[in-house]
Amino acid sequence: QVQLVESGGGLVQAGGSLRLSCAASGSIFSDNAMAWYRQAPGKERELVAGISKGGRTNYADSVKGRFTISRDNAKNTVYLQMNSLKPEDTAVYYCAAMRSRVVAGTPGYWGQGTQVTVSS
């Protein structure tokens, strides 16, 4: 059974930084792409950043140049470094394990989510 456990969310002032972590159990991590999604109140869940099995990354336009996704296969952990945070980054952030080696389609597994709040 796959479990994804996020940590690192919290309250930060605009311009500040946070690093989210997602620890994965089960065999899916080493063979599959991973991603971070977010959902703000009243909005659809959106893809923020993804990283393929081979380490290729992609980002939403709104976070390019500010956020960095990375993975440590030895630790079964994926990270999201968030810099220059803006109030519009406020959302619940979800870790996701994709169904294949690339970031495509819908995720196969979701974490429980972690709240990120950016104050102005």
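Quantities reported herein were computed from a predicted structural model and do not represent experimental measurements.

Undergrad: Is there a simple way to think about the overall build of the protein in this case?
TA: Check the secondary structure of the protein and you find one helix and eleven strands. The secondary structure elements of the protein, listed N-terminal to C-terminal, are β-β-β-α-β-β-β-β-β-β-β-β. Here the C-alpha atoms of the protein give a radius of gyration of 13 Å, agreeing with the 14 Å that 2.2 N^0.38 yields for 120 residues. Each principal axis of the C-alpha atoms in the protein carries an extent, and together these give about 40 × 25 × 25 Å. Looking at the protein as a whole, 42% of its 120 residues are labelled buried. Looking at the protein alone, contacts between residues at least 24 apart form 57% of all its contacts between residues at least 6 apart. If you sum the accessible surface of the protein, you get close to 6100 Å²; carbon and sulfur atoms cover 46% of it.

Undergrad: What's the story with the state of the cysteines in this structure? I'm lost.
TA: Applying the stated rule across the entire model yields one disulfide. Here cysteine 22 pairs with cysteine 95 through a disulfide, and the sulfurs are 2.1 Å apart. For the disulfide bridge between cysteine 22 and cysteine 95, the dihedral angle about the S-S bond is near -75°, and by the sign convention the bridge is left-handed. Residue cysteine 22 is found in strand 3 (residues 18-25), and its partner cysteine 95 is found in strand 9 (residues 91-97); the two are separated by 73 residues along the sequence.

Undergrad: Just to check I follow, could you spell out unusual backbone geometry for this structure?
TA: Excluding glycine, residues mostly carry a negative phi; peptide bonds, for their part, are mostly trans. One non-glycine residue, asparagine 76, lies in positive phi territory at about 50°. Within the element layout of this structure, asparagine 76 appears in the loop between strand 7 (67-72) and strand 8 (77-82). For serine 84, which is not glycine, the phi torsion reads 50° and is therefore positive. With respect to the secondary-structure elements, serine 84 resides in the loop between strand 8 and strand 9.

Undergrad: Looking at this structure, I do not really get the pattern of salt bridges. What am I missing?
TA: Two side chains of opposite charge can pair, provided their charged atoms sit close to one another. Overall, the coordinates contain five salt bridges when judged by the stated rule. With its nearest N and O atoms 4.0 Å apart, the salt bridge here joins aspartate 31 to lysine 53. One end of the pair, aspartate 31, is in helix 1 (residues 28-31); the other, lysine 53, is in the loop between strand 5 (46-51) and strand 6 (57-59), and 22 residues separate them in sequence. Owing to a relative accessible area of 40%, aspartate 31 belongs among the partly exposed residues under this scheme. On the accessibility criterion, lysine 53 (30% relative accessible area) is partly exposed. With its nearest N and O atoms 3.0 Å apart, the salt bridge here joins aspartate 89 to arginine 38. With aspartate 89 in the loop between strand 8 and strand 9 and arginine 38 in strand 4 (residues 34-39), this pair connects stretches of sequence that are 51 residues apart. Like arginine 38, aspartate 89 is buried. Taken together, the shared-partner salt bridges in this structure form one network comprising Arg38, Glu46, Arg66 and Asp89.

Rules used in this analysis
Residues numbered from 1 in each chain as written. Predicted model: local features only at pLDDT ≥ 70, side-chain atom pairs only at ≥ 80, totals over all residues. Heavy atoms only, no water. Helix = DSSP H or I, 4+ residues; strand = E, 2+ residues; numbered from the N terminus. Rg over C-alpha atoms; globule rule 2.2 N^0.38 Å. Buried < 20%, exposed > 50% of the residue type's maximum accessible area, 1.4 Å probe, protein only. Contact = heavy atoms within 4.5 Å. Areas by Shrake-Rupley, 256 points an atom, 1.4 Å probe, with all protein chains shown as cover. Disulfide = S-S within 2.5 Å. Salt bridge = Lys/Arg side-chain N within 4 Å of Asp/Glu carboxyl O.

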